[in-house]
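Breakdown of the fold
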Amino acid sequence: MATEILLNDGGAPARILPFKANGAISGGEVVEIELSGTAGDVRQAAADSVVTCGVSLTDAADNGPANIISGHGVLLNIYATGAVAVGDLGIVDAAGVLDFTGVAATVAAAGTDVAIALETQASGLGLVKCMWLR
């Protein structure tokens, strides 16, 4: 049985938006809008991305349809790396997943936070329950 990505819309409407994928995307990955080349498509978010638009609801093949969840306050399972504590702010790391490790000070200054953790993770890479902040 697959893990659900969309958990609850938090009382705010979750928007599932149709895009075209620029590269393969896995369900639960943070994505960003492509600004050059195939502008308007989505791709796995790059490190410290400021153009994140949501989280992929399902896996998407290169040049295939990508269903992206967006909406401030939506509860999602999002791929995260490393140790995670409840209340940690997450930013996108170089691998395109959330990093919650010691980012609070720089996040507040840079405004690059995209999610807040709602559960813990000891280490490694896994889906973590988060509230989407954008």
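Scope of this entry: the structure provided in the associated data block. (Residues numbered from 1 in each chain as written. Predicted model: local features only at pLDDT ≥ 70, side-chain atom pairs only at ≥ 80, totals over all residues. Heavy atoms only, no water.)

What the protein chain contains, in helices and strands, is one helix and 11 strands. Going from N to C terminus, the protein chain has its helices and strands arranged as β-β-β-β-β-β-β-β-β-α-β-β. By residue count, 40% of the 134 residues in the protein chain fall in the buried class. A sequence separation of at least 24 residues applies to 59% of the contacts in the protein chain between residues at least 6 apart. Accessible surface computed for the protein chain: about 6,200 Å², of which carbon and sulfur atoms make up 57%. (Helix = DSSP H or I, 4+ residues; strand = E, 2+ residues; numbered from the N terminus. Buried < 20%, exposed > 50% of the residue type's maximum accessible area, 1.4 Å probe, protein only. Contact = heavy atoms within 4.5 Å. Areas by Shrake-Rupley, 256 points an atom, 1.4 Å probe, with all protein chains shown as cover.)

Taken in spatial order, the five strands of this open sheet run E2-E6-E5-E3-E4, and their pairing is antiparallel. Here the strands that pair on one side only, and so sit at the sheet edges, are strand E2 (15–20) and strand E4 (42–44). The sheet shows a mean angle of 45° between the axes of neighbouring strands, taken without regard to direction. The pairing of E2 with strand E6 (residues 65–70) spans six bridges and is antiparallel. When the sheet's bridge partners are listed, proline 18 is paired in E6 with asparagine 67. (Pairing = 2+ DSSP bridges. Axes fitted to C-alpha atoms, helices over the stretch in contact; angles between N-to-C directions.)

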